[in-house]
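# Analysis of the macromolecular model
Now for the letters of each chain:
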Amino acid sequence: MSELSQDMTEFVRGLPKAELHLHIEGTLEPELVFRLAHKHAVDLPHPTVEALRRAYQFSDLQSFLNVYYAGADVLRDADDFHALTAAYLRKAHEQGIVHVEIFCDPQTHIPRGVGLDAVFGGIHRALLEGETQFGISWRLIPCFLRHLSAADAMHTLQAILPYKHLFAAVGLDSSESGNPPAKFAEVFARALSEGLPAVAHAGEEGAPAYIREALDVLKVRRIDHGVRCDEDVQLLDRLARERMPLTVCPLSNVKLKVFERMADHNLKRLLERGLCVTVNSDDPAYFGGYLLENYLAVQRALGLSRAQILQLARNSIEASFLAQSDKSRWTALIDQHAR
Ligand code: ADE
Ligand code: ZN
């Protein structure tokens, strides 16, 4: 590594950062897949860790989701969810992440007979340990799978409500095209009446109209991905005016062919237009990098300045569900890295 890129790596690593778009099931590394498959006597379609990793070639979102849901089958008990989350938090700490907002997909686990005590209990135990060991604060955001029905999402909401003290919000993920946010209007209204605000994936593969729907119908507090907003100038103006956060995931976008090459990514243009853009890793075990690698990939490909990197870190804090006092404290610390 050149001295310059080593310098940049240490600069980004040293910045306090929040990660706001991270599917915990997407941190399942092939090594853990094999360990858990052995533990539960599950047959795997690939003979080795290397062969499994080589199979992570995707043509679009759906081709990834098929692999991702199959991989999650090895997660069976609370210890598995704990191991998954603990491994992610260790990595997060090494990369200078001070706050995490983690998605999980209850509907990936319920039909397999995995109880919610195992899912939320295992994740929560690791989050508490991460707080003690590394000082990483956290929020948990269960998501509804949008390729399933609204009725299924409503049942799921009812099933997870006993755990709502653990949640900062509810989210919406999975196959976007053909599953607009408005399909889940009642579910998100009910969640809000229970004190749970909304976030939603929109404008990853779906049209800008899905971003508008997420804002107007689901009343989201931020948009996950949202990169297709730049096809609609009025929407761009609105997102900038409202400082509506976008949780952008650069390596994911290239792996899933939202952008052909990192050099084509619109993150820098959106940032320069005044949008509250953040950088995140989505499903790092599948997309070739965690948060640090995402920052470095866009920095290199788009030529981001140190001032722009600082702005991305500040935005990650601003866009979080942290209390204002914590936001002010982290922002002051980030500002100390400006020179
Ligand atoms: N679930 C996990 N990763 C996702 C993504 N990038 N888009 C939609 N759903 C997902
Ligand atoms: Zn995502």
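All values reported here derive from a predicted model rather than from experimental measurement.

With that settled, the discussion passes to the environment of Leu75. Turning to its location among the elements, Leu75 is positioned in the loop between helix 4 (61–71) and helix 5 (78–94). Residues Leu75 and Thr9, 66 residues apart in the sequence, show an inter-C-alpha distance of 33 Å. For Leu75, the residues in contact, after removing those within four places along its chain, are Glu25, Leu28, Leu36, Asp80, Phe81, Leu84, His109, Arg112 and Val114.

With that settled, consider the packing of aromatic side chains. According to the stated counting rule, one finds 12 aromatic pairs in the structure shown. Taking 6.3 Å as the distance between ring centres and 90° as the angle between the ring planes, the aromatic pair formed by Phe58 and Phe287 counts as edge-to-face. Within this pair, whereas Phe58 is found in the loop between helix 3 (49–54) and helix 4, its partner Phe287 is found in helix 14 (residues 284–287), the two being separated by 229 residues in sequence. Take Phe58: its relative accessible area is 5%, and that puts it in the buried class. On the basis of relative accessibility, which here comes to 2%, the residue Phe287 falls in the buried class.

What follows covers the side chain of His21. For His21, the position within the fold is in strand 1 (residues 17–23). Residue class for His21 comes out buried when judged on its relative accessible area of 0%. At 3.3 Å, the side chain of His21 forms a polar contact with the side chain of His23. His21 has contacts with Glu101, Phe103, His201, Asp224, His225, Thr247, Cys249, Asn280, Ser281 and Asp282, leaving out every residue within four places of it along the chain.

Across soluble globular proteins, nonpolar side chains show a tendency to be buried alongside one another. By size, the foremost hydrophobic cluster in this structure holds 114 residues, and its most contacted members are Tyr88 and Phe120. Ignoring sequence-local partners within four residues, the contact set of Phe120 consists of Cys104, Pro106, Leu140, Ile160, Tyr163, Leu166 and Phe167. Among the nonpolar cores identified, the runner-up in size contains 7 residues, and Phe103, Ala168, Ala169 and Val199 belong to it.

Attention now moves to the sheet that holds strand 5 (residues 198–202). Taken in spatial order, the 4 strands of this open sheet run 5-6-7-8, and their pairing is parallel. Both edges of this open sheet fall to strand 5 and strand 8 (277–279), since each of them pairs with a single strand only. Strand-to-strand, the axes of this sheet are offset by a mean angle of 25°, without reference to chain direction. Note: strand 7 (residues 246–248) against strand 8, 3 bridges, orientation parallel. Looking at strand 8, one finds that Val248 is bridged to Val279.

Moving on, we come to the coordination of the zinc ion (ligand 2). Coordination of the zinc ion (ligand 2) by the protein comes from His21 (NE2), His23 (NE2), His201 (NE2) and Asp282 (OD), over a distance range of 2.0 to 2.2 Å. Metal-centred angles of 82 to 173° between the 4 donor atoms at the zinc ion (ligand 2) mark the site as irregular. Going along the chain, you hit the donors of the zinc ion (ligand 2) in the pattern H-x1-H-x177-H-x80-D. Of the two residues, His21 is situated in strand 1 and Asp282 in the loop between strand 8 and helix 14; the sequence distance between them amounts to 261 residues.

Parameters and conventions
- Each chain carries its own residue numbering, running from 1 in the written order of its sequence.
- Key to labels: chains lettered from A, ligands numbered from 1, both in the order written.
- Reporting in this predicted model follows two pLDDT cut-offs: at least 70 for local features of residues, and 80 or more for side-chain atom pairs to be given and counted; totals over whole chains, interfaces and linings ignore these cut-offs and use all residues.
- Side-chain measures were taken over the full set of non-hydrogen atoms in the model, leaving aside hydrogen atoms and water.
- In this text, helices come from DSSP runs of H or I with a minimum length of four residues, and strands from runs of E with a minimum of two, each type numbered from the N-terminal end.
- Contacts are assigned to residue pairs that have any heavy atoms within 4.5 Å of one another.
- The rule is short: rings of Phe, Tyr and Trp, with Trp giving its six-membered ring, pair when the centres are within 6.5 Å, and they are stacked under 30 degrees, edge-to-face over 60, tilted in between.
- To sort residues, take the accessible area from a 1.4 Å probe on protein chains only and compare it with the maximum for the residue type: under 20% means buried, over 50% means exposed, and anything in between is partly exposed.
- Polar contacts here mean pairs of N or O atoms no more than 3.5 Å apart (in protein, one a potential hydrogen donor and the other a potential acceptor; neighbouring residues in sequence count only if both atoms are side-chain atoms).
- In plain words, nonpolar cores are sets of buried Ala, Val, Leu, Ile, Met, Phe, Trp, Tyr and Cys residues tied together by side-chain atoms within 4.5 Å.
- In this analysis, strands are considered paired if DSSP registers two or more bridges between them.
- Here, axes are lines fitted to C-alpha atoms. For helices the fit covers the stretch in contact, and angles between N-to-C directions go from 0 to 180 degrees.
- Donor selection uses N, O and S atoms within 2.8 Å of the metal (3.2 Å for Na, K and Ca). Since no water is included, sites may look incomplete.
- For four-coordinate sites, all angles between 85 and 135 degrees define a tetrahedron; for four- and six-coordinate sites, opposite donors beyond 155 degrees with the remaining angles between 65 and 115 define square planar and octahedral shapes respectively, and all other cases count as irregular.

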